[in-house]
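# Fold and contact review
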Amino acid sequence: MADSVRSRPEIRKLPPDVVNRIAAGEVVERPAAAVKELVENALDAGARRVTISIEAGGLKRIIIEDDGCGMSADDLLVALERHATSKLVPDAGGRVDLLNIHTMGFRGEALPSIASVSRCSISSRAAGEDAAEVFVEAGRMEGPRPAAFTGRGETGTRIEVRDLFYATPARLKFMKGERAESMAVTDTVKRLAMANPHVAISLENNGRNSLRYAAEAEGASGQLARLGAIMGRDFRENALEIDAEREGVRLAGFAGLPTLNRGNAQMQFLFVNGRPVKDRMLNGVIRAAYQDFLARDRHPLAALFVDLDPEYVDVNVHPAKTEVRFRDAGNVRGLMIGALRHALAAAGHRASTTVANSALGKVRIEEVTSANLWSLPPAPERQASPSSYYRQPSGIDFDQPLPPSGDVMAGLHEPPAPDYRHDGAPSARVEPEAPPAHGMPADFPL
Ligand SMILES: Nc1ncnc2c1ncn2[C@@H]1O[C@H](COP(=O)(O)OP(=O)(O)OP(=O)(O)O)[C@@H](O)[C@H]1O
Ligand SMILES: [Mg+2]
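Computed from a prediction, not measured in an experiment: that's the story for all the values here.

What counts as what
Along each chain, residue indices are assigned from 1 in the same order as the chain's sequence is written. Going through the entries in the order they are written, you letter the chains from A and number the ligands from 1. Where local features are concerned, this predicted model is filtered to residues with pLDDT of at least 70; where side-chain atom pairs are given and counted, the filter is 80 or more; whole-chain, interface and lining totals use all residues. The side-chain numbers reported here are obtained from all heavy atoms of the structure, hydrogens and water having been left aside. Helical segments are the DSSP runs of H or I of at least four residues, strand segments are the runs of E of at least two, and each set is numbered from the N terminus. Contacts between residues were defined by any pair of non-hydrogen atoms, one from each residue, lying within 4.5 Å. Accessibility throughout is a Shrake-Rupley quantity obtained with a 1.4 Å probe, and a residue counts as covered only by protein chains that appear here. Whether a residue is near a molecule or strand is decided by its heavy atoms; if any one of them lies within 4 Å of it, the residue is near. Whenever a nitrogen or oxygen atom comes within 3.5 Å of another N or O atom, the pair is scored as a polar contact, on the condition that within protein one atom can donate a hydrogen and the other can accept it, and that pairs from neighbouring residues in sequence are kept only if both atoms are in side chains. Salt bridge, as used here, is a side-chain nitrogen of Lys or Arg placed within 4 Å of a carboxyl oxygen of Asp or Glu. Working definition: with a 1.4 Å probe on protein chains only, accessible area under 20% of the residue-type maximum means buried, over 50% means exposed, and in between means partly exposed. Residue types Ala, Val, Leu, Ile, Met, Phe, Trp, Tyr and Cys, when buried and joined through side-chain atoms within 4.5 Å, form a set referred to as a nonpolar core. The split of the chain into domains comes from an automatic or database domain assignment. A pair of strands is labelled paired if DSSP reports no fewer than 2 bridges between them. All axes here are fitted lines through C-alpha atoms, helices being fitted over the stretch that makes contact, and every angle between N-to-C directions spans 0 to 180 degrees. His is not counted, nor are the chain ends; Lys and Arg add positive charge and Asp and Glu add negative charge. Should the near helix be turned counterclockwise from the far one by less than a right angle, the crossing is left-handed, whereas a clockwise turn marks it as right-handed. Here the nonpolar group is Ala, Val, Leu, Ile, Met, Phe, Trp, Tyr, Cys and Pro; Asp, Glu, Lys and Arg are the charged ones; every other residue, Gly included, is treated as polar. Side-chain rings of Phe, Tyr and Trp, where Trp is taken by its six-membered ring, are said to pair if the distance between their centres is within 6.5 Å; with planes under 30 degrees apart they count as stacked, over 60 as edge-to-face, and otherwise as tilted. Two conditions define a charge located above a ring, namely a distance within 6 Å from the ring centre to NZ of Lys or CZ of Arg, and an angle within 35 degrees of the ring normal.

### Section: the overall build of the chain
The helix and strand inventory of the chain stands at 13 helices and 17 strands. Partitioning the intrachain contacts of the chain with sequence separation of at least 6 by distance along the chain shows that 71% fall at a separation of at least 24. For the chain, the exposed surface amounts to about 22200 Å²; the carbon and sulfur share of it is 50%.

Dropping the structure here:
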């Protein structure tokens, strides 16, 4: 009988350092994730300048300095505790509203997680406070003690993370090598920089300047300047401004002319309430919007910013906060497709300067307009424009008529397509119009 009685394991609460290491497994998957969390903290602290420096892909060292509001000695103590945050403020009844998040952080998990798997020192100065520092090794803290604050600005914070994952050797084995890790860090910093043009951001990699973005002015021109610095001059010169609103959702940003396109969708970026997010919807939406202008295997460049009441988007669906869930995704999709198509229709006569020039064998498009236009065949039904007389090598057919903008905007009022699939298929198909009555001449006088 005694043999059949199973011994029952005791249920124990895990010690805090183990809890933090488990959380770190999700929150800081690789150095780029640590950089993302630390830069987001700097941005939440109101920094106007953030400098980042990494060594060995961030595995050996990450240093982030900001000129944000800083932390007092007491703040430092609490900040490293799990689930301690200054960003969720309870109401009079002590309730915290998780649906009303206006900051990048809200869980109070990043700092304790990072500190639990590395050697981490934080020095900081808040207004009216003496500078203080703490040192944490694999979750064990020394300090806070008075410090000579070496960071930037009157107030601010400097965080140095050494030997990331030294306390979790199994995770260390999964790192992809310094080059791949530093590329991931660069990508992360670029995305954060795109969303924050008014903040000066720089990245140093193994002692060498890697990225350096000056603070840009507020507004669309500053945003385009920053996007151009990151996505390239071609994009800056061939981008259409997007600005639309529907049912409380605002869409802003820039989308490239169809003639500026790539073989993959890596230059398509989405930001939701200032947060860089990865959303497979984006690819489908852009494909739907550009389908009349671009071959299926070509991808335009775009950086789109969706802003909406935090209540209508759930940011707490992914451990690294890189995905969000919209309450009314159909509305957001409809707005994006409609606004993109409207911008494309309005700019139908424009061809990308760069692509057009190379296609014309370095004959500038303006020269075509002024000098060679007489030799182009007349268009019986439409106003002649240089770009409508040759087919782009990229497969763009400029002879496809552009939908009248009225039709495009009509799409905005359609109910969302219920059968949207997350496989890149467009959620709302806007059927191309019938081909034009006149044919294309086989040879072009150009
Ligand atoms: N660079 C910084 N400047 C000023 N305060 C900071 C900075 N970094 C962290 N803090 C303070 O420490 C707290 C804890 O930071 P931590 O990143 O762990 O959590 P969080 O940002 O609140 O939420 P999340 O885990 O979602 O990032 C923050 O709420 C903030 O008050
Ligand atoms: Mg944070």
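Back to the text.
### Comments concerning the site of ligand 1
Within the structure, ligand 1 sits among 22 residues, and T85, S86, K87, E109 and K321 are positioned closest to it. Contact distances for ligand 1 include 3.0 Å between an oxygen atom and a side-chain N or O atom of R107. E109 places a polar main-chain atom, nitrogen or oxygen, 2.7 Å from an oxygen atom of ligand 1. Protein contact buries 95% of the 590 Å² of open area that ligand 1 shows by itself.

### Some remarks on the pattern of salt bridges
Inspection of the entire model under this criterion finds 25 salt bridges. For R191, the salt bridge identified is with D187, shortest N-O distance 3.1 Å. Of this pair, R191 and D187 both sit in helix 6 (residues 178-195), separated by four residues, roughly a single helical turn. Assessed through its relative accessible area of 31%, D187 is described here as partly exposed.

### Some words on the nonpolar core
The biggest cluster of nonpolar side chains holds 61 residues, and the ones touching the most others in it are V35, I52, I62, I122 and M231. A domain-level breakdown of this core finds at least three residues from each of domain 1 (16-213) and domain 2 (219-446). Core analysis: the second largest hydrophobic core is formed by 39 residues, F106, A244, L308 and M336 among them.

### Some details on the sheet that holds strand 7 (residues 200-205)
Here we have eight strands laid out as an open sheet, ordered 5-4-3-6-2-1-7-8, and mixed in their pairing. Across the chains shown, the open sheet's two edge strands, defined by having one partner strand only, are strand 5 (140-146) and strand 8 (208-213). The mean inter-strand angle of the sheet, taken between neighbouring strand axes irrespective of direction, is 10°. Where strand 7 meets strand 8, five bridges bridge the pair, whose relative direction is antiparallel. Along strand 8, the bridge assignment pairs S202 with R212.

### Description of the side chain of R246
Relative to the helices and strands, R246 is located in strand 9 (residues 239-246). It is E247 that comes nearest to the buried, bridge-free R246 among opposite-charge side chains, at 4.1 Å. Within polar-contact distance, the side chain of R246 engages the side chain of N331 at 2.8 Å.

### Observations concerning the packing of helix 9 (residues 280-290) against helix 10 (residues 329-346)
Running from N to C, helix 9 and helix 10 point in directions that differ by 35°, and their axes come no closer than 9 Å. You can see that helix 9 and helix 10 cross each other, and the crossing is right-handed. Facing M281, L282, V285, I286, A288, A289 and Y290 of helix 9, the residues of helix 10 in contact are V332, R333, M336, I337, L340, R341 and L344. Within the contact of helix 9 with helix 10, the residues separate by chemical class into twelve nonpolar, no polar and two charged.

### Re the pairing of strand 3 (residues 119-125)
As paired strands, strand 3 and strand 4 (residues 132-137) are joined by six bridges and run antiparallel to one another. In the sheet register, I122 faces strand 4, and the bridge partner there is V134.

### Some details on the packing of aromatic side chains
Taken as a whole, this structure holds one aromatic pair when the rule is applied. Seen from their ring centres, F271 and F305 are 4.5 Å apart, and the 10° between their planes marks the pair as stacked. Separated by 34 residues along the polypeptide, F271 in strand 12 (residues 268-272) and F305 in strand 15 (residues 302-307) bring together distant segments of the chain. The same class applies to F271 and to F305, which are both buried. Positioned above the aromatic ring of Y166 is the side chain of R119, whose terminal nitrogen or guanidinium carbon lies 3.9 Å from the ring centre. The ring of F106 has K321 lying over it, and the distance from NZ or CZ to the ring centre is 5.6 Å.

### Here we look at unusual backbone geometry
In this structure, P144 follows G143 across a cis peptide bond, with omega equal to 5°. Relative to the helices and strands, P144 is located in strand 5. Backbone geometry places A56, a non-glycine residue, at a positive phi of 50°. Mapped onto the fold, A56 is located in the loop between strand 1 (49-55) and strand 2 (61-66). Of note, F165 is a non-glycine position whose phi angle comes to about 70°, a positive value. Relative to the assigned elements, F165 resides in the loop between strand 6 (156-162) and helix 5 (169-173).

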